[in-house]
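# Commentary on secondary and tertiary structure
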Protein chains: 2
Amino acid sequence: MKLRLISACCMLLAIGGPAFADQVLGSVSSPDKTLNVTVQLAGDGHLTYEVQRRGKPLIAPSKLGFLLANAPQMDQGFSLEKQSSSAHDDTWEQPWGERRYVRNRYQELKLDLVQKEMSNRHLSVVFRVFDDGVGFRYEFPEQPQLPVARISDELTEFIVAPPATAWWQEAGEKAALEYAIRKTPLAEVGMANTPMTIRTRDGTHIAFHEAALVDYSSMWLRKVEGQKLRAHLTPSADGAPVERSGAFTTPWRTMRIADNAAGLYMSDLELNLNEPNKLGDVSWVHPSKFVGVWWEMHLEKSTWGSGTKHGATTANTKRYIDFAAKNGFRGVLVEGWNLGWDGNWSGGGSQFSFTQSYPDFDLHALSAYARQKGVRLIGHHETGGNVARYEQQMDAGYQLYAKEGVDSIKSGYVTDGGEAIFANAGGGTHYGYTDSQEGVRHYLKAVTEAARYKLAIDTHEPVKDTGLRRTYPNWISREGARGMEYNAWGNPINSVDHEVNLVFTRMLSGPMDYTPGILSLEGVKGRPINSTQARQLASFVAIYSPIVMAADLIENYEKYPGPFKFIKDVPTDWADTRVPHGELGEYVTIARKDRHTDEWYVGSLTDGQARTLTLPLTFLDPGRQYTAEIYRDGDQADYRNSHRFDIVIEKRTVTAATVLQLKLAPGGGQAIRLTPR
Amino acid sequence: MKLRLISACCMLLAIGGPAFADQVLGSVSSPDKTLNVTVQLAGDGHLTYEVQRRGKPLIAPSKLGFLLANAPQMDQGFSLEKQSSSAHDDTWEQPWGERRYVRNRYQELKLDLVQKEMSNRHLSVVFRVFDDGVGFRYEFPEQPQLPVARISDELTEFIVAPPATAWWQEAGEKAALEYAIRKTPLAEVGMANTPMTIRTRDGTHIAFHEAALVDYSSMWLRKVEGQKLRAHLTPSADGAPVERSGAFTTPWRTMRIADNAAGLYMSDLELNLNEPNKLGDVSWVHPSKFVGVWWEMHLEKSTWGSGTKHGATTANTKRYIDFAAKNGFRGVLVEGWNLGWDGNWSGGGSQFSFTQSYPDFDLHALSAYARQKGVRLIGHHETGGNVARYEQQMDAGYQLYAKEGVDSIKSGYVTDGGEAIFANAGGGTHYGYTDSQEGVRHYLKAVTEAARYKLAIDTHEPVKDTGLRRTYPNWISREGARGMEYNAWGNPINSVDHEVNLVFTRMLSGPMDYTPGILSLEGVKGRPINSTQARQLASFVAIYSPIVMAADLIENYEKYPGPFKFIKDVPTDWADTRVPHGELGEYVTIARKDRHTDEWYVGSLTDGQARTLTLPLTFLDPGRQYTAEIYRDGDQADYRNSHRFDIVIEKRTVTAATVLQLKLAPGGGQAIRLTPR
């Protein structure tokens, strides 16, 4: 039995009578009017929203609301108390990014709701509708009816109206961000992480994600039935998934919406929904490239731990500093420098020190040596997932680096078995998800504390990127996807379409420290990777990060000076980005304008299929001549055989009127540097 | 990065070398050898099991294990400490049920495992393989390494090898057991409750469920990707989903496996995995039929609450007692007898008294009046989902009924918004799932406490049935699916194939208080239901329960004396049950032998399609003549129009050699009583 107060009006509803039609609480359109969001009070008292695009249903009426552990449900019995609309249009500047200026133009609808039968308990919902998507969030006011909200379940649904295909990653397992991306009918999604990108039958693309994930648990998307997804909050180890006191807002639930994949990529929806920069002057954050003592350990040529094959030695690091200085790389990452890498270093066994080096690594001397050569060491804080232990030492670790002139840190949360360790309030520890509310708190704390020391942070095994780099521009990059290291030892290695999947899924959320540039095209024991050399170069442009590692061994760069030149030339900070064309999981071309010169760079990738892509250079300044340095697959190039090394490096003169034909090999790519003459 | 201790053997694995093949820990077959279960230690240290049927993969290697909130993971690094096998074959007798004698024959494999790197922490897994299915459970011993287990995630997977179709209900919402049953490809399942039935491409049927759910949270099935499902433990409002101390066993995870739907139905797998009867003599539990003051409220002819239309009055109840006595019904259910039905009676607002009647209902006088006529009142404890409040009054409520000679109670947990209310250990209350560990504890407590007073319990809005009626035979029935009441006011009402879906899904778990027998074939305001009259009769046989309500109003039974005779004659306790034929969601015929006479009863149902089903009466005693009283759809009968009332009642003489042709109309059925001459 599922009874409510059976009254005449409900009975009429049950028979399907017209007496209790849904009541529209408000409606808001995008500035260009293509998108429309309507919020309704359904006949049975539930709150729903729907999205139409060019007059056709895109998101069918989908529920809003919460179940609470400590108070009655917040999912029905609402009345509208107040409705307000506003418009916003400004342009703001990023200290670094894929473009310099970001336009923030939307129409906003705010609904203040009250549950009269719950002692007039209040809840607000705010919708912002942009030309390129929709974001909405809930706002809980301070109220005696709910001094503390323990959210056991967020009921937000996303019911996709037209049949669609989805590109998604599993969630619900702890190292989940490193699963391969799947392509299935949307109806065959299980539990997905975000961003999740879909393409409907008529070609509309949607990327589901969230913005400004602060002090809340990470949202997964759980398929309910058919094409209905709903929010699934990462569980807490103890208590409800989310607990907040007083007034608070949830993260924004976002949907980038575009006619094609390129349009999705061009959106800055999540950044626009984040709070402006809180750090002020961030000139101490340096977009740059780096090399380092890293890939050799993944290739098993050296070890993180101590011993005769220890990679992080003073001598080896000096080699990399010299190489970096000679070739214009600002940074040198060194992993394995600190005590704790011997034995079982992840999880409960973690014994890392964040202040003490191995005896064969002289941090102080090397920092000075580097700085003298115009290079900086990049710090490394591998936590082994033992957040409790890390938080105790983090400040001392930051202080040490600040003192030594190290101004950026790569952090890691490698867990063996997937569980991170957190401190109990009253002493002792417990295991939990890094995506939980407490995990989310930790990741941000590591960044805000680092800012006090003018340290930038590159987080590996991170929480998803939800645009907080706008508010804290020292959060420069993260992993959060299957990276290059899987090409060393993965089982399987990255598939040939991995990068083109990444661009239109993971890369919609923010920078990735993907570590491209493996010109040797091989992993451990010479096992080939699914790439041509030209694609390794193209990845420097196509996979965005303000800090990019040229990941290969020094000897491989010395072996291939031709291709290596592109790596030396390519910048990592941009004034503008264009996506002339692309299809999910198939191919993409991205063109970017250097922030500091008038140069443009182009990176084009394909999957396992050869393609010729037409690229009009209309983004160049009109009436100006450019030298194009083209690095392209040779005519016989193919990732599947020894011709993966076939690369042609040529120059031509071009203008904005030029149309290039980019001939990509199977598993291939193309990289172009365009310099004004 | 997803690092483990990178060592030579793991590297070889990464390249796909043969060095680290899966290690078989044990293997066990069904007594008839058709099913085989193999448990292996996978190369990466995970434990998996697989199921083969007639030598072909049925369940692909699927993970086993747990994540704990208070200790390192229990999902890898296992070694086998001890392996033991045994065989079991006995037959036990049920005090009531679909058959009298149940054969319990299986082969068992027990594996005692140890995680050496977790201080030699132990875990056992036990598999029991029957000819008709597989059950397995985990056993946690008492050990200092894990004095308390806080299970945050059970990692048990079920990876179905051949492509399959699934009949499933959504889970994850609190009143979920009342969703309509969906039929989709298995790959399109989202989060399902159990039982979930699938049919593979070659016709193999599997029903996934659990047995002996005690002091643990209810298992939902979450689709991960493709046809991989995994256990999803109902969350707790506070803390990990499951917390246990010392030695304990999990519920059995079960798979009934058969060549066809009928074979699935015939299995007693879950009952066999439950503990034997703990209550001893249960002659105070009475399989029987009842009528009552109930449907009229769903039709809105009267109210649960007080006032001029109050249904539960002394006068109205007397009418039902007289009718029951005259027509051989043992019980009279009365809802709305007790204070608390006025106003908002569910959830936090619940003000029910379980001891005080409304002034116009004289419990004492009516109990006496009934008993004098050979009838018993059936008690009603609607809790409104306020478990905290109910537990405070439950004992007093039970005592009252025991004193008044009421020997069975229908309970209810109707929640408005789906959350039940539980008590906090230290005072106050919180909201949570009824399927949670604390919910599961409550439901069983209500039954064991009732047994002290020799009260039988029929639970509505229950936890799923996992066979505990074997251990506590006073747990006589439950709802736990979309019942007849949806035909009163549902939006939508029950579909025409609802019963045939139920039989091979919900009904695999145990009895359902479905309340058939609406001979008026209509709900509120005359809206027709999707059924013929003959189908209403057939449901008394096809939808099993030891206690069955003839749910319609007295006046409708008086209006249709012909069909009503079947209702008066049909018993509810059986010596044997056969399923001559059936297909999920399409049709089924069930034949049952009365436990107390040599009569047989047949109930046949179809969906919206007319069918002629061939029924050989081979189950009858050979060489004996029977009178068949046949209640069948008229030749023009059809659920979609006024011919839904066309019923033919005829007699014939039959023997075991007779083959009947059951002609079923669209939305129809057939009921037959076979009496030895």
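Rules behind the numbers
- Residues numbered from 1 in each chain as written.
- Chains lettered and ligands numbered in written order.
- Predicted model: local features only at pLDDT ≥ 70, side-chain atom pairs only at ≥ 80, totals over all residues.
- Heavy atoms only, no water.
- Pairing = 2+ DSSP bridges.
- Helix = DSSP H or I, 4+ residues; strand = E, 2+ residues; numbered from the N terminus.
- Axes fitted to C-alpha atoms, helices over the stretch in contact; angles between N-to-C directions.
- Contact = heavy atoms within 4.5 Å.
- Core = buried A, V, L, I, M, F, W, Y, C linked by side-chain atoms within 4.5 Å.
- Buried < 20%, exposed > 50% of the residue type's maximum accessible area, 1.4 Å probe, protein only.
- Phe/Tyr/Trp six-rings, centres within 6.5 Å; stacked < 30°, edge-to-face > 60°.
- Salt bridge = Lys/Arg side-chain N within 4 Å of Asp/Glu carboxyl O.
- pLDDT = per-residue confidence, 0-100.
- Arc of directions from axis to C-beta.

## Examining the sheet that holds strand 23 (residues 331–334) of chain B
Residue and element names in this part refer to chain B. Overall, parallel pairing links the 7 strands, which are arranged 29-28-25-24-23-22-30 in an open sheet. Where the open sheet ends on each side, the last strands, each with one partner, are strand 29 (475–478) and strand 30 (547–549). If you compare each strand with its neighbour and ignore which way they point, the axes differ by 30° on average. Against the sheet, helix 8 (residues 437–452) touches strand 28 (456–459) and strand 29, its axis set at about 155° to strand 28.

## Here's the deal with the sheet that holds strand 38 (residues 669–676) of chain B
Residue and element names in this part refer to chain B. Sheet architecture is open: 6 strands sit in the order 31-32-33-38-35-36, paired in antiparallel fashion. This sheet does not close on itself; its edge strands, each paired only once, are strand 31 (574–583) and strand 36 (647–654). Taken pair by pair, the neighbouring strands of this sheet meet at an average axis angle of 15°, ignoring direction. Relative to strand 36, strand 35 (residues 626–633) is paired through 8 bridges, and the arrangement is antiparallel. Counted as the bridge partner of Asp633 is Ile647 from strand 36. The strands that helix 11 (residues 533–542) touches are strand 32 (587–594), strand 33 (600–606), strand 35, strand 36 and strand 38; relative to strand 33, the one it contacts most, it runs at about 125°. The strands touched by helix 13 (residues 561–569) within the sheet are strand 33, strand 35, strand 36 and strand 38, with strand 35 carrying the most contacts at an inclination of about 125°.

## A few points about the nonpolar core
Grouped together as the largest cluster of nonpolar side chains are 171 residues, with contacts concentrated most on B:Tyr49, B:Phe127, B:Phe140, B:Met196, B:Phe208, B:Met255 and B:Tyr398. With 7 residues, helix 8 of chain B is the largest single contributor of residues to this core. Residue contacts for B:Met196: discarding those within four places in its chain leaves B:Trp167, B:Trp168, B:Leu186, B:Val189, B:Ile206, B:Ala207, B:Phe208, B:Leu221 and B:Leu229. Core analysis: the next-biggest nonpolar cluster, separate from the first, contains 170 residues, A:Val293, A:Leu455, A:Val503 and A:Leu553 among them.

## Some points on the packing of aromatic side chains
All names here are of chain B. Overall, the coordinates contain 68 aromatic pairs over all chains when judged by the stated rule. Ring centres of Tyr106 and Phe130 lie 5.2 Å apart, and the angle between their planes is 50°; this geometry places the pair in the tilted category. Here Phe130 lies in strand 8 (residues 121–130) and Tyr106 lies in strand 7 (residues 101–115), a separation of 24 residues in the sequence. By relative accessible area, which is 6% here, Tyr106 ends up buried.

## Side note on the pattern of salt bridges
Enumeration over the complete set of coordinates arrives at 106 salt bridges over all chains. A salt bridge links A:Asp465 to A:Arg469, with the nearest nitrogen and oxygen atoms 3.1 Å apart. No difference in accessibility class separates A:Asp465 from A:Arg469, as the two residues are buried. Between B:Arg640 and B:Asp638 there is a salt bridge whose closest N-O contact spans 2.9 Å.

## Re the side chain of A:Ser79
All names here are of chain A. When you line up the elements, Ser79 lands in strand 6 (residues 78–93). With relative accessibility at 19%, the residue Ser79 sits in the buried group. Setting aside residues up to four positions removed in sequence, Ser79 forms contacts with Asp112, Leu113, Val114 and Lys116.

## Thoughts on the confidence of the model for chain A
With 96% of its residues at a pLDDT of 70 or more, chain A shows a mean pLDDT of 94. When the criterion is pLDDT under 50, residues 2–19 of chain A qualifies, and its contacts beyond four places in sequence or with other chains add up to 34 contacts.

## Some remarks on helix 6 (residues 363–372) of chain A
Residue and element names in this part refer to chain A. All of the buried residues in helix 6 are Leu363, Leu366, Ser367, Tyr369 and Ala370. The arc enclosing the buried residues of helix 6, seen along the axis, measures out at 165°, which places them on a common side. The exposed set on the far side of helix 6, more than 90 degrees from its buried face, consists of His364 and Gln372. On its buried side, helix 6 packs onto helix 5 (314–327), strand 24 (376–382) and helix 7 (387–403). Positive backbone phi, approximately 80°, marks Gly374, located one or two places after helix 6.

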